[in-house]
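The lines below spell out each chain.
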Amino acid sequence: MARVAIRLLISLLALVSVASAANTSGLRIDGVFLPQASLGLLLAGLPTQPKASDFEAGVIDNRLLAEWAQPKLSADVTHDIDREVEAEVMQILGAQFSETIMPPATLLPVDEAAWRRVMKPASAGSGFKLTRQQRQQAETLNIAQLSMAKQNLRVTLLDVYERESIQGLAELHGMSREYLQRRATDLLQQRWQLQRWQEEGRFDTASLAGLTRIVQDKQLKQRWLQEQGLIGDFHHESTVAQDRWRRVSQAAIKQYYDANLDRFRQVDQVEADVLLLRSQAAADATYQALRGGLSFAEAVRREGAPGSGALGVLRNDGSVTSLLQKLALLQQVGISRPFRIGEQWAIYQVRQRRERLLPITDPSVRHECARAVAKMEAQSEFDELRERLRRVAKIERINP
(Lines give C-alpha, C1' and ligand atoms only; values in the text may rest on other atoms or scores of the structure.)
Protein backbone atom coordinates (compact mmCIF):
# COMPACT_ATOMS: atom_id res chain seq x y z
CA MET A 1 0.00 0.00 0.00
CA ALA A 2 2.88 2.40 0.60
CA ARG A 3 4.04 2.06 -3.00
CA VAL A 4 0.44 2.11 -4.23
CA ALA A 5 -0.31 5.31 -2.32
CA ILE A 6 2.75 7.11 -3.66
CA ARG A 7 2.12 5.84 -7.20
CA LEU A 8 -1.48 7.08 -7.01
CA LEU A 9 -0.33 10.51 -5.88
CA ILE A 10 2.22 10.76 -8.67
CA SER A 11 -0.20 9.38 -11.26
CA LEU A 12 -2.72 11.97 -10.16
CA LEU A 13 -0.09 14.65 -10.61
CA ALA A 14 0.45 13.46 -14.20
CA LEU A 15 -3.27 13.65 -14.94
CA VAL A 16 -3.67 17.04 -13.30
CA SER A 17 -0.57 18.30 -15.12
CA VAL A 18 -2.14 17.72 -18.51
CA ALA A 19 -5.31 19.54 -17.54
CA SER A 20 -3.88 22.43 -15.57
CA ALA A 21 -0.38 23.14 -16.89
CA ALA A 22 -1.84 25.75 -19.20
CA ASN A 23 -2.94 27.92 -16.31
CA THR A 24 -0.64 26.80 -13.48
CA SER A 25 2.90 28.04 -12.92
CA GLY A 26 5.74 25.62 -12.38
CA LEU A 27 8.45 23.60 -14.11
CA ARG A 28 8.01 21.13 -16.94
CA ILE A 29 10.99 18.78 -17.16
CA ASP A 30 10.94 16.35 -20.08
CA GLY A 31 7.16 16.43 -20.00
CA VAL A 32 6.83 16.03 -16.21
CA PHE A 33 5.11 19.05 -14.67
CA LEU A 34 5.99 20.18 -11.14
CA PRO A 35 3.60 22.85 -9.82
CA GLN A 36 5.09 26.01 -8.39
CA ALA A 37 2.98 25.36 -5.29
CA SER A 38 4.89 22.09 -4.75
CA LEU A 39 8.21 23.89 -5.09
CA GLY A 40 6.97 26.49 -2.63
CA LEU A 41 6.00 23.84 -0.09
CA LEU A 42 9.48 22.34 -0.27
CA LEU A 43 11.28 25.67 -0.11
CA ALA A 44 9.25 26.85 2.90
CA GLY A 45 9.98 23.61 4.77
CA LEU A 46 13.77 23.77 4.43
CA PRO A 47 15.73 24.70 7.58
CA THR A 48 17.91 27.14 5.59
CA GLN A 49 16.89 29.00 2.48
CA PRO A 50 19.08 28.39 -0.59
CA LYS A 51 19.48 30.76 -3.52
CA ALA A 52 16.46 30.48 -5.83
CA SER A 53 18.66 29.53 -8.78
CA ASP A 54 20.48 26.82 -6.82
CA PHE A 55 17.20 25.46 -5.49
CA GLU A 56 15.63 25.20 -8.93
CA ALA A 57 18.79 23.68 -10.44
CA GLY A 58 18.80 21.03 -7.71
CA VAL A 59 15.17 20.09 -8.37
CA ILE A 60 15.88 19.80 -12.09
CA ASP A 61 19.02 17.70 -11.60
CA ASN A 62 17.21 15.41 -9.16
CA ARG A 63 14.32 14.90 -11.61
CA LEU A 64 16.59 14.09 -14.53
CA LEU A 65 18.85 11.73 -12.59
CA ALA A 66 15.91 10.00 -10.87
CA GLU A 67 14.28 9.30 -14.23
CA TRP A 68 17.58 7.94 -15.55
CA ALA A 69 18.57 5.92 -12.47
CA GLN A 70 15.28 4.42 -11.29
CA PRO A 71 15.15 1.51 -13.78
CA LYS A 72 18.81 0.75 -13.03
CA LEU A 73 18.43 0.49 -9.25
CA SER A 74 17.75 -2.91 -7.72
CA ALA A 75 14.75 -3.67 -5.52
CA ASP A 76 17.11 -4.06 -2.55
CA VAL A 77 18.33 -0.49 -3.03
CA THR A 78 14.82 1.00 -3.26
CA HIS A 79 12.89 -1.34 -0.96
CA ASP A 80 12.12 1.23 1.76
CA ILE A 81 12.09 4.38 -0.33
CA ASP A 82 8.36 5.01 0.09
CA ARG A 83 8.70 5.03 3.88
CA GLU A 84 11.55 7.53 3.64
CA VAL A 85 9.65 9.71 1.16
CA GLU A 86 6.53 9.82 3.34
CA ALA A 87 8.57 10.67 6.44
CA GLU A 88 10.40 13.49 4.66
CA VAL A 89 7.20 14.93 3.19
CA MET A 90 5.62 14.99 6.66
CA GLN A 91 8.75 16.66 8.07
CA ILE A 92 8.61 19.37 5.38
CA LEU A 93 4.92 20.05 5.95
CA GLY A 94 5.18 19.81 9.73
CA ALA A 95 7.80 22.56 9.71
CA GLN A 96 5.21 24.92 8.20
CA PHE A 97 1.80 23.96 9.54
CA SER A 98 0.58 23.21 13.05
CA GLU A 99 -0.73 19.75 13.77
CA THR A 100 -4.21 18.98 15.09
CA ILE A 101 -5.27 16.32 17.56
CA MET A 102 -6.72 13.27 15.85
CA PRO A 103 -10.08 11.95 17.09
CA PRO A 104 -9.88 8.58 18.86
CA ALA A 105 -9.00 5.82 16.44
CA THR A 106 -10.64 2.41 16.46
CA LEU A 107 -8.23 -0.50 16.90
CA LEU A 108 -9.74 -3.49 15.16
CA PRO A 109 -9.53 -7.15 16.27
CA VAL A 110 -6.60 -8.87 14.58
CA ASP A 111 -6.96 -12.39 13.22
CA GLU A 112 -3.76 -13.80 14.68
CA ALA A 113 -3.89 -16.94 12.57
CA ALA A 114 -4.06 -14.86 9.39
CA TRP A 115 -1.35 -12.57 10.72
CA ARG A 116 0.91 -15.54 11.45
CA ARG A 117 0.40 -16.87 7.91
CA VAL A 118 1.54 -13.53 6.51
CA MET A 119 4.62 -13.52 8.76
CA LYS A 120 5.66 -17.08 7.89
CA PRO A 121 8.73 -16.97 5.57
CA ALA A 122 8.03 -18.33 2.11
CA SER A 123 11.47 -19.96 2.16
CA ALA A 124 14.52 -20.16 4.40
CA GLY A 125 16.32 -17.47 2.42
CA SER A 126 13.44 -15.07 1.86
CA GLY A 127 14.04 -13.11 5.06
CA PHE A 128 11.38 -10.44 5.50
CA LYS A 129 10.18 -10.43 1.87
CA LEU A 130 6.51 -11.23 1.37
CA THR A 131 5.15 -13.30 -1.49
CA ARG A 132 2.40 -11.90 -3.67
CA GLN A 133 -0.14 -14.04 -1.81
CA GLN A 134 1.15 -12.84 1.57
CA ARG A 135 0.91 -9.23 0.43
CA GLN A 136 -2.69 -9.77 -0.63
CA GLN A 137 -3.49 -11.34 2.74
CA ALA A 138 -1.78 -8.50 4.62
CA GLU A 139 -3.78 -5.96 2.66
CA THR A 140 -7.04 -7.49 3.87
CA LEU A 141 -6.07 -7.33 7.56
CA ASN A 142 -7.36 -4.00 8.88
CA ILE A 143 -5.55 -2.85 12.03
CA ALA A 144 -6.99 0.60 12.74
CA GLN A 145 -9.53 2.97 11.25
CA LEU A 146 -10.88 6.48 11.69
CA SER A 147 -14.52 6.70 10.63
CA MET A 148 -14.85 10.35 11.81
CA ALA A 149 -12.54 11.55 9.05
CA LYS A 150 -14.02 13.24 5.98
CA GLN A 151 -13.03 10.14 4.07
CA ASN A 152 -13.02 6.92 6.06
CA LEU A 153 -9.34 6.23 6.83
CA ARG A 154 -7.99 2.79 7.55
CA VAL A 155 -4.58 1.16 7.99
CA THR A 156 -3.83 -2.42 7.06
CA LEU A 157 -1.07 -4.79 8.08
CA LEU A 158 0.51 -4.26 4.66
CA ASP A 159 0.48 -0.47 5.17
CA VAL A 160 2.49 -0.91 8.38
CA TYR A 161 4.73 -3.66 7.01
CA GLU A 162 5.90 -1.70 3.99
CA ARG A 163 6.97 1.24 6.13
CA GLU A 164 9.09 -0.65 8.64
CA SER A 165 12.83 -0.77 9.20
CA ILE A 166 14.58 -4.10 9.78
CA GLN A 167 14.06 -3.68 13.52
CA GLY A 168 10.35 -2.97 13.02
CA LEU A 169 9.92 -5.97 10.75
CA ALA A 170 11.47 -8.12 13.46
CA GLU A 171 8.82 -6.81 15.90
CA LEU A 172 6.05 -7.69 13.44
CA HIS A 173 7.46 -11.18 12.81
CA GLY A 174 7.66 -11.55 16.57
CA MET A 175 3.87 -11.00 16.63
CA SER A 176 4.07 -7.89 18.83
CA ARG A 177 0.46 -6.68 18.87
CA GLU A 178 1.37 -3.57 20.87
CA TYR A 179 3.99 -2.54 18.30
CA LEU A 180 1.65 -3.22 15.36
CA GLN A 181 -1.16 -1.14 16.84
CA ARG A 182 1.15 1.71 17.79
CA ARG A 183 2.61 1.91 14.31
CA ALA A 184 -0.85 1.68 12.73
CA THR A 185 -2.07 4.54 14.94
CA ASP A 186 0.96 6.64 13.97
CA LEU A 187 0.23 6.10 10.28
CA LEU A 188 -3.43 6.91 10.81
CA GLN A 189 -2.40 10.17 12.52
CA GLN A 190 -0.24 11.02 9.51
CA ARG A 191 -3.06 10.39 7.03
CA TRP A 192 -5.49 12.31 9.19
CA GLN A 193 -3.14 15.26 9.37
CA LEU A 194 -2.62 15.36 5.62
CA GLN A 195 -6.38 15.31 5.15
CA ARG A 196 -6.87 18.10 7.69
CA TRP A 197 -4.23 20.32 6.08
CA GLN A 198 -5.93 19.91 2.72
CA GLU A 199 -9.32 20.74 4.23
CA GLU A 200 -7.76 23.89 5.72
CA GLY A 201 -6.58 24.91 2.25
CA ARG A 202 -2.86 24.57 3.01
CA PHE A 203 -2.36 22.71 -0.26
CA ASP A 204 -4.34 20.66 -2.77
CA THR A 205 -3.87 17.09 -3.91
CA ALA A 206 -1.85 18.08 -6.98
CA SER A 207 0.55 20.16 -4.87
CA LEU A 208 1.02 17.28 -2.43
CA ALA A 209 1.63 14.87 -5.32
CA GLY A 210 4.19 17.26 -6.80
CA LEU A 211 5.99 17.61 -3.48
CA THR A 212 6.00 13.81 -3.11
CA ARG A 213 7.55 13.41 -6.55
CA ILE A 214 10.23 16.03 -5.83
CA VAL A 215 11.17 14.30 -2.57
CA GLN A 216 11.15 10.88 -4.26
CA ASP A 217 13.46 12.23 -6.97
CA LYS A 218 15.91 13.37 -4.30
CA GLN A 219 15.76 10.00 -2.55
CA LEU A 220 16.38 8.12 -5.80
CA LYS A 221 19.35 10.34 -6.59
CA GLN A 222 20.82 9.79 -3.12
CA ARG A 223 20.46 6.03 -3.40
CA TRP A 224 22.13 6.02 -6.78
CA LEU A 225 25.00 8.15 -5.41
CA GLN A 226 25.31 5.78 -2.45
CA GLU A 227 25.42 2.77 -4.75
CA GLN A 228 28.20 4.45 -6.74
CA GLY A 229 30.18 5.08 -3.53
CA LEU A 230 29.89 8.88 -3.72
CA ILE A 231 28.01 9.23 -0.43
CA GLY A 232 27.30 6.95 2.49
CA ASP A 233 29.01 4.88 5.13
CA PHE A 234 32.59 3.73 4.50
CA HIS A 235 31.82 0.49 6.36
CA HIS A 236 28.68 -0.33 4.30
CA GLU A 237 29.80 -0.02 0.71
CA SER A 238 27.57 -1.24 -2.09
CA THR A 239 28.67 -4.06 -4.38
CA VAL A 240 28.93 -1.53 -7.20
CA ALA A 241 31.33 0.65 -5.18
CA GLN A 242 33.43 -2.34 -4.12
CA ASP A 243 33.70 -3.61 -7.68
CA ARG A 244 34.77 -0.14 -8.81
CA TRP A 245 37.71 0.23 -6.40
CA ARG A 246 38.81 -3.36 -6.95
CA ARG A 247 39.26 -2.55 -10.63
CA VAL A 248 41.57 0.41 -9.97
CA SER A 249 44.95 -0.18 -11.63
CA GLN A 250 48.24 -0.45 -9.72
CA ALA A 251 49.54 2.52 -11.70
CA ALA A 252 46.60 4.67 -10.58
CA ILE A 253 47.15 3.59 -6.97
CA LYS A 254 50.82 4.59 -7.09
CA GLN A 255 50.04 7.89 -8.77
CA TYR A 256 47.56 8.78 -6.03
CA TYR A 257 49.97 7.65 -3.31
CA ASP A 258 52.85 9.77 -4.67
CA ALA A 259 50.61 12.83 -4.93
CA ASN A 260 49.23 12.47 -1.38
CA LEU A 261 52.15 11.37 0.79
CA ASP A 262 51.03 13.51 3.73
CA ARG A 263 47.87 11.39 4.04
CA PHE A 264 50.03 8.37 4.81
CA ARG A 265 52.33 9.82 7.42
CA GLN A 266 51.82 8.25 10.84
CA VAL A 267 53.23 9.22 14.21
CA ASP A 268 56.03 6.86 15.19
CA GLN A 269 56.79 8.19 18.66
CA VAL A 270 56.49 11.29 20.85
CA GLU A 271 58.28 12.53 23.94
CA ALA A 272 55.74 14.33 26.10
CA ASP A 273 54.65 15.63 29.51
CA VAL A 274 51.14 16.14 30.83
CA LEU A 275 49.62 18.65 33.25
CA LEU A 276 46.35 17.59 34.91
CA LEU A 277 44.08 20.21 36.47
CA ARG A 278 40.91 19.94 38.50
CA SER A 279 38.74 22.56 36.75
CA GLN A 280 38.28 24.29 33.44
CA ALA A 281 38.95 27.67 35.04
CA ALA A 282 42.31 26.49 36.36
CA ALA A 283 43.14 24.92 32.99
CA ASP A 284 42.30 28.07 31.04
CA ALA A 285 44.29 30.28 33.41
CA THR A 286 47.31 27.96 33.37
CA TYR A 287 47.20 27.71 29.57
CA GLN A 288 47.35 31.50 29.28
CA ALA A 289 50.26 31.57 31.75
CA LEU A 290 52.12 28.95 29.69
CA ARG A 291 51.61 31.03 26.58
CA GLY A 292 52.94 34.00 28.51
CA GLY A 293 56.22 32.28 29.35
CA LEU A 294 55.57 30.09 32.41
CA SER A 295 57.64 26.92 32.16
CA PHE A 296 55.74 23.63 31.94
CA ALA A 297 57.75 22.17 34.82
CA GLU A 298 56.82 25.13 37.05
CA ALA A 299 53.14 24.78 36.06
CA VAL A 300 53.24 21.10 37.00
CA ARG A 301 54.87 21.95 40.34
CA ARG A 302 52.34 24.69 41.17
CA GLU A 303 49.04 23.46 39.71
CA GLY A 304 49.44 19.81 38.73
CA ALA A 305 47.01 17.24 40.10
CA PRO A 306 48.29 13.71 40.85
CA GLY A 307 49.37 12.01 37.65
CA SER A 308 50.96 15.14 36.18
CA GLY A 309 54.54 15.05 34.94
CA ALA A 310 56.75 13.37 32.37
CA LEU A 311 55.22 10.65 30.19
CA GLY A 312 58.58 9.85 28.60
CA VAL A 313 58.97 8.44 25.12
CA LEU A 314 55.74 6.89 23.82
CA ARG A 315 55.90 4.61 20.79
CA ASN A 316 53.02 3.96 18.42
CA ASP A 317 53.60 0.22 18.38
CA GLY A 318 50.73 -1.05 20.54
CA SER A 319 52.65 -0.69 23.79
CA VAL A 320 50.71 2.43 24.81
CA THR A 321 47.68 1.42 26.86
CA SER A 322 46.43 4.31 29.02
CA LEU A 323 44.12 7.01 27.66
CA LEU A 324 46.54 9.76 28.73
CA GLN A 325 49.31 8.15 26.70
CA LYS A 326 47.15 7.48 23.66
CA LEU A 327 46.00 11.12 23.59
CA ALA A 328 49.62 12.24 23.80
CA LEU A 329 50.33 10.45 20.51
CA LEU A 330 47.75 12.70 18.82
CA GLN A 331 49.37 16.00 19.86
CA GLN A 332 51.69 18.16 17.80
CA VAL A 333 55.00 19.59 19.04
CA GLY A 334 54.47 22.38 21.58
CA ILE A 335 51.79 23.15 24.20
CA SER A 336 48.31 21.78 23.52
CA ARG A 337 45.10 23.60 24.33
CA PRO A 338 43.40 22.25 27.48
CA PHE A 339 40.72 19.61 27.01
CA ARG A 340 38.65 17.48 29.31
CA ILE A 341 39.53 13.91 30.23
CA GLY A 342 36.93 12.45 32.57
CA GLU A 343 36.68 14.71 35.62
CA GLN A 344 39.98 16.47 34.93
CA TRP A 345 41.48 18.82 32.35
CA ALA A 346 44.74 18.06 30.57
CA ILE A 347 47.42 20.15 28.89
CA TYR A 348 50.21 18.38 26.99
CA GLN A 349 53.73 19.47 26.21
CA VAL A 350 55.21 17.54 23.28
CA ARG A 351 58.97 18.02 23.15
CA GLN A 352 59.65 15.73 20.24
CA ARG A 353 57.49 14.04 17.62
CA ARG A 354 58.72 11.58 15.02
CA GLU A 355 56.65 10.39 12.07
CA ARG A 356 57.07 7.65 9.51
CA LEU A 357 55.68 7.24 6.03
CA LEU A 358 53.54 4.15 5.61
CA PRO A 359 54.75 2.25 2.53
CA ILE A 360 52.58 1.69 -0.50
CA THR A 361 52.88 -2.05 0.16
CA ASP A 362 50.80 -1.64 3.35
CA PRO A 363 47.37 -3.23 2.63
CA SER A 364 45.48 -0.40 4.37
CA VAL A 365 47.35 2.18 2.28
CA ARG A 366 46.58 0.39 -0.98
CA HIS A 367 42.94 0.06 0.04
CA GLU A 368 42.63 3.76 0.85
CA CYS A 369 44.32 4.74 -2.41
CA ALA A 370 42.08 2.45 -4.46
CA ARG A 371 38.93 3.78 -2.79
CA ALA A 372 40.03 7.39 -3.29
CA VAL A 373 40.79 6.84 -6.98
CA ALA A 374 37.51 4.99 -7.50
CA LYS A 375 35.57 7.79 -5.84
CA MET A 376 37.23 10.42 -8.05
CA GLU A 377 36.41 8.36 -11.12
CA ALA A 378 32.81 7.94 -9.99
CA GLN A 379 32.52 11.67 -9.31
CA SER A 380 33.88 12.48 -12.77
CA GLU A 381 31.40 10.09 -14.40
CA PHE A 382 28.56 11.59 -12.36
CA ASP A 383 29.49 15.12 -13.39
CA GLU A 384 29.58 14.07 -17.04
CA LEU A 385 26.23 12.28 -16.72
CA ARG A 386 24.61 15.31 -15.08
CA GLU A 387 25.84 17.60 -17.85
CA ARG A 388 24.69 15.18 -20.56
CA LEU A 389 21.23 14.83 -19.06
CA ARG A 390 20.96 18.60 -18.84
CA ARG A 391 22.03 19.07 -22.47
CA VAL A 392 19.37 16.76 -23.90
CA ALA A 393 16.56 17.65 -21.47
CA LYS A 394 13.61 19.85 -22.40
CA ILE A 395 13.11 22.21 -19.48
CA GLU A 396 10.35 24.83 -19.51
CA ARG A 397 9.42 27.46 -16.98
CA ILE A 398 5.61 27.83 -17.04
CA ASN A 399 4.44 31.31 -16.08
CA PRO A 400 0.78 31.78 -17.09
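Our subject is the structure that appears above.
Each chain has its residues counted from 1, following the order in which its sequence is written. Only residues with pLDDT of at least 70 are given local features in this predicted model, and only at 80 or more are side-chain atom pairs given and counted; all residues enter the totals for whole chains, interfaces and linings. For the side-chain quantities, the full set of heavy atoms in the structure was used; hydrogens and water were omitted.

In spatial order, the strands read β3-β4-β5; together these three strands make up an open sheet with antiparallel pairing. In this open sheet, the two strands that pair with only one neighbour each are β3 (106–107) and β5 (153–156). A pair of strands counts as paired when DSSP detects no fewer than two bridges linking them. Only DSSP runs of H or I reaching four residues or more are called helices, and only runs of E reaching two or more are called strands; each is numbered from the N terminus. Looking at chain direction, β3 and strand β4 (residues 142–146) are connected through two bridges and run antiparallel. Residue T106 lies in a different strand from β4, and its bridge partner there is Q145. Packing of helix α10 (residues 177–199) onto the sheet brings it into contact with β3, β4 and β5, and relative to β5 it is tilted by some 145°. We call two residues in contact when some of their heavy atoms are within 4.5 Å. Note on method: axes are straight lines fitted to C-alpha atoms, helices fitted across the in-contact stretch only, with angles between N-to-C directions ranging 0 to 180 degrees.

It is worth spelling out helix α9 (residues 166–173) at this point. Taken together, the buried positions of α9 are G168, L169 and L172. Seen end-on, α9 carries its buried residues on one side only, within an arc spanning 100°. Relative to its buried face, α9 has exposed residues pointing more than 90 degrees away, namely I166 and Q167. Where α9 is buried, its residues meet α6 (112–119), α8 (157–161) and α10. Phi for M175, located one or two positions after α9, is positive at around 60°. For each residue, the accessible area found with a 1.4 Å probe, counting protein chains only, is set against the maximum for its type, and the residue is called buried under 20%, exposed over 50%, and partly exposed in between. The arc in question is the one spanned by the directions pointing from the helix axis to the C-beta atoms.

Here the focus is the pattern of salt bridges. Any Lys or Arg side-chain nitrogen located within 4 Å of an Asp or Glu carboxyl oxygen qualifies as a salt bridge. Counted by the stated rule, this structure contains 29 salt bridges. For R163, the salt bridge identified is with E86, shortest N-O distance 2.6 Å. With R163 in the loop between α8 and α9 and E86 in helix α5 (residues 81–94), this residue pair connects regions lying 77 residues apart in the sequence. E86 sits in the buried class, given a relative accessible area of 13%. A salt bridge links E200 to R196; its shortest N-O distance comes to 3.6 Å. Assessed through its relative accessible area of 33%, E200 is described here as partly exposed. Three or more residues joined by partner-sharing salt bridges are found here, namely R196, E199, E200 and R202.

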